Amino acid sequence: MEDYHKPDQQTLLALKDTANRLRINSIKATSAAGSGHPTSCCSAAEIMSVLFFHTMKYKPQDPRHPSNDRFILSKGHAAPILYAVWAEAGFLQEPELLKLRKIDSILEGHPVPKQAFTDVATGSLGQGLGAACGMAYTGKYFDKASYRVYCMLGDGELSEGSVWEAMAFAGFYKLDNLTAILDINRLGQSDPAPLQHNVEIYQKRCESFGWHAIIVDGHSVEELCKAFGQTKHQPTAIIAKTFKGKGITGVEDKENWHGKPLPKDMAEQIIEEIIGKIHNKKKLSPTLPQDDAPVVNIKNVKMPSPPNYKIGNKFATRKAYGVALAKLGQACNRVVALDGDTKNSTFSELFKKEHPSRFIECYIAEQNMVSVAVGCASRDRNIVFASTFATFFTRAYDQIRMAAISESNINLCGSHCGVSIGEDGPSQMGLEDLSLFRAIPNSTVFYPSDAVATEKAVELAANRKGICFIRTSRPENTVIYDSGEDFQVGHAKVVVKSKEDQVTVIGAGVTLHEAIAAAEQLKKDKIFIRIIDPFTIKPLDSETILKNIRRQKADLSQWRTITLKVALEKLYVLL
């Protein structure tokens, strides 16, 4: 444990005053908005005061400086107090706080990255700690820098299993640069939280996951200062006993006030009461960080060599993904791979073999794996790829959705897609993943059909903004593209065509190979089909598809009865 240097009385008093100013601005903002969560803000006032104006090291006018300490507000509904903090620090002007939740303001109801001081979006509870784990892992093992990561959670979200996935991850990897603050204010949205103020149980739970857990009075700035000064060779959990609505007469520790702004006359009265508790208007300044985070450049990363495959050979796209990832790791030392204990099936083990220090085993915790990936990719510190069976990403859909809201540039690879995996049965088949990822805002969905296309997809994904999904298959399929073939996002390939084509068939992945086989069979009956490989399912190359459909012969009378039946049977692999 580091020596604790008790702040002088003037500093302690200034921290109390700061906490009360944060309360006032949170109440003002939510009252002006006519919505929001002032009571959730008020329970955290002293925590935020001590964190930002005594403990954390950062440059207030450069919130995303790579050497700054990081902060994630996992209980994102308490956003007004985060905004109040940055006004207190001088980054925001106080009048801006009164625009909370307005359509022309960046100060949304929950934190989003359009705010320079927000790295990842929060609001869907239970996800902040996983992202904090990714940031802390990056700081300790990749950046090897002195910055620390802080994450504040509410007690309501501690019922989320994803929180404990993150707890297990941090404990296992001994992320001693990570501090979680549990704001135990007793009350949830519609009922008290399950454990209410039984803080000893929270402590035992955190300790069982390998954390150093400290119980404090969350409204005592001195206890908080002391707790934040304690570090061991393990992550730290500060379990802060607080009261929801602290400082609001008649509301403090009362039910049915969650998400309700104070009426105007009540707000004015409470603000006057809190002003009466402030002794000094002097504002504290944070400590500046040590500039020891390395300079990182992850732009325009190219493969060190072309794909090494021959047309006609057979190679599974899932294995081609692993080969490509390992090659990309040679080109850039900030390429990072994560997997959910499926690396010998997704073939991310090939990356681990070549770059063991940049591989993160996340075990069977797909929700946390996605959140960790988001944290690793934040502030453009790494090019991140995470893989598992395609079907298992469905359980992490909310994390993927929030990653998009976070404007994260993570790349996800789902193997064993479609019914082509056969004997394993439907529980292992990725059948919903295409629609899942197509629905994600600003996403790119790759469905490569051979090893060459897969390698090109990996390279393109590494340099693309937004969520990228690469869909790979278990069966070995024939290599159909030359190693020099050019691939671009949103550009399809016409792989079979003739002047006699009567219909256009679109197939990707294993389906493309079935379509090619069907074309050969139909040719014997003098039926000619054109086949298009879309390469990306989103964006879809509608221009190429429509152009080729218009050029085919209009007479489809031959597509009847037995001929159509034969074709459809050959094209049974729909995904």
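Above this note sits the structure.
The structure displayed is predicted, hence computed values, not measured ones.

**A closer look at the overall build of the protein**
Looking only at helices and strands, one finds 20 helices and 17 strands in the protein. Taken over C-alpha atoms, the radius of gyration comes to 27 Å for the protein, in line with the 25 Å a tight globule of 575 residues would show. Projecting the C-alpha coordinates of the protein onto the three principal axes gives extents of approximately 90 × 50 × 40 Å. When burial is assessed residue by residue, the protein has 59% of its 575 residues classed as buried. Here the protein displays about 23,500 Å² of accessible surface, and carbon together with sulfur accounts for 50% of that area. Counting 70 positive and 65 negative side-chain charges, the protein places the averaged centre of each group 4 Å from the other.

**Topic: the packing of aromatic side chains**
Here the structure, examined in full by the defined rule, presents 26 aromatic pairs. Seen from their ring centres, F52 and W86 are 6.0 Å apart, and the 75° between their planes marks the pair as edge-to-face. Of the two residues, F52 sits in helix 3 (residues 45–55) while W86 sits in helix 4 (residues 79–88), which places them 34 residues apart along the sequence. In terms of burial, F52 and W86 fall into one category: buried. Geometrically, the ring pair formed by F393 and F437 is edge-to-face, given 5.9 Å between the ring centres and 85° between the ring planes.

**Digging into the sheet that holds strand 12 (residues 468–471)**
Two orientations exist for strands paired in a sheet by backbone hydrogen bonds: parallel and antiparallel. Strand order in the open sheet formed by 7 strands is 8-7-9-10-12-11-17, and the pairing between neighbours is mixed. This sheet does not close on itself; its edge strands, each paired only once, are strand 8 (359–361) and strand 17 (536–538). Neighbouring strand axes in the sheet, compared pairwise and without regard to direction, differ in orientation by 20° on average. As defined by bridge partners, strand 11 (residues 444–446) adjoins strand 12 across 3 bridges and the pair is classed as parallel. Following the sheet pairing, T444 is matched in strand 12 by C468. Helix 14 (residues 366–377) rests against strand 7 (335–339), strand 8, strand 9 (383–389) and strand 10 (410–415) of the sheet, and its axis sits at about 170° to strand 9.

**Focus: the pairing of strand 4 (residues 212–217)**
Sheet topology places strand 4 next to strand 5 (residues 236–241); 6 bridges connect them, and they run parallel. Looking at the pairing, I215 lines up with I239 of strand 5. In terms of handedness, the path from strand 4 via helix 9 (residues 221–228) over to strand 5 forms a crossover that is right-handed.

**Structural notes on the environment of I184**
Within the secondary structure, I184 is located in strand 3 (residues 178–184). With 25 residues separating them along the chain, I184 and F209 place their C-alpha atoms 19 Å apart. Those residues within four positions of I184 in sequence are excluded, and the remaining contacts are D155, L158, Q196, H197, V199, Y202, I239, A240, K241 and T242.

**Regarding the nonpolar core**
Counting residues in each nonpolar core, the largest one holds 70 residues, and the members touching the most others are L129, L178, L338 and I360. Here the element with the most residues in this core is helix 6 (residues 128–143); it accounts for 8 residues. Not counting residues up to four positions away in its chain, the partners in contact with L338 are I360, C362, M369, V372, A373, V384, F385, A386 and S387. Among the nonpolar cores identified, the runner-up in size contains 47 residues, and A44, M48, A78 and A240 belong to it.

**Considerations on the pattern of salt bridges**
Side-chain pairs of opposite charge can arise where the charged atoms are in close proximity. Taken as a whole and assessed by the stated rule, the structure comprises 24 salt bridges. Between K246 and E252 there is a salt bridge; the shortest N-O distance is 3.7 Å. If you follow the salt bridges from partner to partner, you end up with R64, D119 and R379 in one network.

Rules used in this analysis
Residues numbered from 1 in each chain as written. Predicted model: local features only at pLDDT ≥ 70, side-chain atom pairs only at ≥ 80, totals over all residues. Heavy atoms only, no water. Helix = DSSP H or I, 4+ residues; strand = E, 2+ residues; numbered from the N terminus. Rg over C-alpha atoms; globule rule 2.2 N^0.38 Å. Buried < 20%, exposed > 50% of the residue type's maximum accessible area, 1.4 Å probe, protein only. Areas by Shrake-Rupley, 256 points an atom, 1.4 Å probe, with all protein chains shown as cover. Lys, Arg positive; Asp, Glu negative; His and termini not counted. Charge placed at Lys NZ, Arg CZ, Asp CG, Glu CD. Phe/Tyr/Trp six-rings, centres within 6.5 Å; stacked < 30°, edge-to-face > 60°. Pairing = 2+ DSSP bridges. Axes fitted to C-alpha atoms, helices over the stretch in contact; angles between N-to-C directions. Contact = heavy atoms within 4.5 Å. Right-handed = clockwise from strand over helix to strand, strands pointing away. Core = buried A, V, L, I, M, F, W, Y, C linked by side-chain atoms within 4.5 Å. Salt bridge = Lys/Arg side-chain N within 4 Å of Asp/Glu carboxyl O.

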